[in-house]
Amino acid sequence: MKQLVQDFKSGEIKLVEVPAPVVAPGMVLVRNAFSLVSAGTEKSTVEMGQASLLGKARLRPDLARQVFKAVKKEGLTAAVRKVQSRLDQWKQLGYSCAGTVEAVGDGVTEFAVGDRVACAGQDYASHAEIVVVPKNLCARVPESVSLEAAAFTTVGAIALQGVRQADVRLGDNVGVIGLGLVGQLTVLLLKAAGCRVFGYDPAVTLPGVEQPQPDSMDAVIITASAPTNEPVVLAGNLCRDRGRVVMVGVTGMEIPRDVYYRKELEFRLSRSAGPGRYDPSYEEYGVDYPVGYVRWTEQRNMEAFLNLRLDLAPLVTHRFPVSDAVKAYDLITGKSGERFVGVLIEYPESRRGLGAQMVAALRPLPHSAVLLGAIGAGNYAQGVLLPLFKANKDVSFATVCTATGVKAEKAREKFGFANATTDWRTVVADKAINTILVATRHDFHAEITVAALKAGKTVFCEKPLCLREEELEEILKAGIDRLMVGFNRRFAPFSAGVRQIPGPRVMRYRVNAGPLPKDHWANDPVKGGGRILGEVCHFVDYLQFAAQAKPVSVFAQGFGADNVQVALRFADGSVGSVDYFSVANGGVEKEQLEVFGGGKQLVVNDFSDKGQAEEVRQFVAAVRAGGPMPIPFEEIIASTRATLAILKAMQSGAAILL
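Described in the following lines is the structure provided in the data block. Since the structure is predicted, the reported quantities are computational estimates derived from the model, not experimental observations.

## A closer look at the overall build of the chain
Looking only at helices and strands, one finds 21 helices and 28 strands in the chain. Along the three orthogonal principal directions, the C-alpha set of the chain runs to about 90 × 60 × 45 Å. Per-residue burial for the chain yields a buried fraction of 55% across its 658 residues. Sequence-distant contacts in the chain: of pairs separated by 6 or more residues, those separated by 24 or more amount to 69%. Here the chain has roughly 28200 Å² of accessible surface; of this, 54% comes from carbon and sulfur atoms. Taking the 75 positively charged and 70 negatively charged side chains of the chain as two groups, their mean positions are separated by 3 Å.

## A word on helix H16 (residues 445-454)
Here H16 lies mainly inside the structure; seven of its ten residues are buried. All of the buried residues along H16 are His445, Ala446, Ile448, Thr449, Val450, Ala452 and Leu453. The first or second residue beyond H16 is glycine 456, which carries a positive phi of 85 degrees.

## Side note on the side chain of aspartate 394
With respect to the helices and strands, aspartate 394 occurs in the loop between helix H13 (379-390) and strand E17 (395-401). Apart from residues no more than four positions distant in its own chain, aspartate 394 is found in contact with Ser368, Ala369, Val370, Val620 and Arg624.

## Quick notes on the nonpolar core
Ranked by internal contacts, the top residues of the largest apolar core, which has 76 residues, are Cys119, Phe152, Leu181, Leu185, Leu190, Ile221 and Leu312. Those residues in contact with leucine 181 that lie beyond four places of it in its chain are Leu36, Phe152, Val155, Leu315, Val341 and Gly342. Core analysis: the next-biggest nonpolar cluster, separate from the first, contains 60 residues, Ala374, Ala377, Phe619 and Ile631 among them.

## Quick notes on the pattern of salt bridges
In the structure shown here, the tally under the stated rule is 37 salt bridges. Close ionic contact of aspartate 115 with arginine 140 constitutes a salt bridge, the shortest N to O distance being 3.0 Å. Placement of the pair is aspartate 115 in the loop between strand E5 (96-104) and strand E6 (116-120) and arginine 140 in strand E8 (residues 138-140), with a sequence separation of 25 residues. Residue class for arginine 140 comes out partly exposed when judged on its relative accessible area of 41%. Between aspartate 218 and arginine 240 there is a salt bridge, with its nearest N and O atoms 2.5 Å apart. Of this pair, aspartate 218 sits in strand E11 (residues 217-222) while arginine 240 sits in strand E12 (residues 239-247), and the two are 22 residues apart along the sequence. Relative accessible area serves as the criterion here: at 29%, arginine 240 is assigned to the partly exposed category. Within this structure, Asp88, Lys410, Glu413 and Lys414 form a network of salt bridges that share partners.

## Observations concerning the pairing of E11
Counting buried residues in E11 gives six out of six residues, a clear majority hidden from the surface. Both E11 and E12 contribute to a ladder of five bridges, which runs parallel. Paired with isoleucine 221 across the two strands is valine 246, which belongs to E12. The parallel pair E11 and E12, bridged by helix H8 (residues 230-238), forms a crossover whose chirality is right-handed.

## Points about the environment of glutamate 338
Locating glutamate 338 in the fold gives a position in the loop between helix H12 (326-332) and strand E15 (342-346). At 3.1 Å, the side chain of glutamate 338 and the side chain of histidine 318 are in polar contact.

## Here's the deal with a nonpolar patch on the surface
Where nonpolar side chains cluster on the molecular surface, the patch consists of Val506, Val575, Phe596 and Val603 and spans about 300 Å² of accessible area. For phenylalanine 596, the position within the fold is in strand E26 (residues 591-597). Accessibility expressed as a relative area gives 35% for phenylalanine 596, which makes it partly exposed.

Criteria and thresholds
Residues numbered from 1 in each chain as written. Predicted model: local features only at pLDDT ≥ 70, side-chain atom pairs only at ≥ 80, totals over all residues. Heavy atoms only, no water. Helix = DSSP H or I, 4+ residues; strand = E, 2+ residues; numbered from the N terminus. Buried < 20%, exposed > 50% of the residue type's maximum accessible area, 1.4 Å probe, protein only. Contact = heavy atoms within 4.5 Å. Areas by Shrake-Rupley, 256 points an atom, 1.4 Å probe, with all protein chains shown as cover. Lys, Arg positive; Asp, Glu negative; His and termini not counted. Charge placed at Lys NZ, Arg CZ, Asp CG, Glu CD. Core = buried A, V, L, I, M, F, W, Y, C linked by side-chain atoms within 4.5 Å. Salt bridge = Lys/Arg side-chain N within 4 Å of Asp/Glu carboxyl O. Pairing = 2+ DSSP bridges. Right-handed = clockwise from strand over helix to strand, strands pointing away. Polar contact = N/O pair within 3.5 Å; in protein donor to acceptor, adjacent residues only side chain to side chain. Patch = residues over 30% accessible without salt bridge, like charges linked within 9 Å, V, L, I, M, F, W, Y side chains within 5 Å.

From the geometry alone we can't say anything about function, so treat these as descriptive.
Right, dumping it as structure tokens:
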């Protein structure tokens, strides 16, 4: 299918052919009829992508600070490699579209095949022929509303939430500062609400809309985009005593105390399309807010906007067929020199039956000892694992699979895969592929691993192997030991010396992990399972490797989601501890290992080579030779079981016998 993307490294806007998405539980698969180019937001996105590295740092100082932290923690070379990998991506464009439902996922009862729907959400409601969108970001389109008008719904809901925050009444005088698309939709909504509307924009004059006068507005809604706080100053001057100012746009927000204090003004923020925005439980998992507590959610604002049946035809200044969609960005970035308001991309109705097919192979699959199918191509896979597999002459790249067609096709192009797909089952079912790399988010690891093992593949699963005991049991039931898990610390150069320490041993592994953003997927209990399962497993496995014996008991205590002390006892009498925490500062080493035994000791303070290259080399050699995996199957199972027991021990306050 065709999709519009921006190459974030070069800044180029281009139309690419990518695999169509696959419907998933809680999701709705929609064939687009129209999508709306949101000139303000998308222009900012495009300009960010087209800026130099220095320009990107100036526009996003928060990201620049993250880079500096990475340099301090991981070194300049590793940080630069990470930045380059993350820049070498295609960004999906668009977040407001409308079309017809082609399929619904498990758990979706609100929509059916054939329904006309409006869709919202960055990375969901994209400029693409087919999109897959969470059910709470879809709204049914009334019969009397065209899909062309419905494509405005997301932006209309943003304007509507601003009107709600202004708390206007019939007959109120309401000023709108900024008369771009959001501003003009706001004007229409205010008129529908029975308000007297006044508009201010130095570049736009609307027929029948007067300019506001000082001290006369009951409320002012700022929909402008500006680098200064001038709109905030103007809004304060326009308001009457005890008026309200609502920020919908993007401007400076330094509030001038004198006028706001003297008039006792309220300053309110409007959160995009309404409550639910930025809440993963609402947007991604479909957990709705009870109407008795939250009357107007993001989805209910979308429905309300559609039900108003506003005449939006006068706002449409440009329409582009998807084949010419790149020209829409020449328009909104000023290259064409034309004036515009509503810019639509139109999709043909004739391209049917796309389904979730792969992009056609660019070349026949090569003959190789290791013919790799990669399922998942996130930052770690692209930054570390795939380059290491690519460097091995015995490995050929067959198919790459990711959740989005954009990422799959970009990874195919970047690493030279023959095919790209969004359906992991097609990779597992391909009889030519003999090796599967599982590098998805953690909640898919066990399911894909079991399916691949049963299909006769050799599997390299990036840690963790699974998130629940029942998943581990399913892996055991598969009864196949052609499995490798990415416990790379075993393969680091210093590890040879660890086993020279006589046993039984006293071992301590201290990990200054640093905090993750609260909304990071690894912290998500469903997708990531938390950092104990996702990361502490590394160090539990390493102590098992160092002890050369299986763990027999686990005790753990801690606080929060990523501060834990783990005590392990091993079958040979060795004992070990893992201190994993996020509460220290960056001045402390990230990792420190101490091993004592028989009058000898080994101490390691950080290390640059974490063993990934040797790990991949040994895995490929084992696949080629048909020999045993570099990590014995029983050790993989034992360390995974011990890691799962950490959570039990923390909950019970007692040691868990294994």
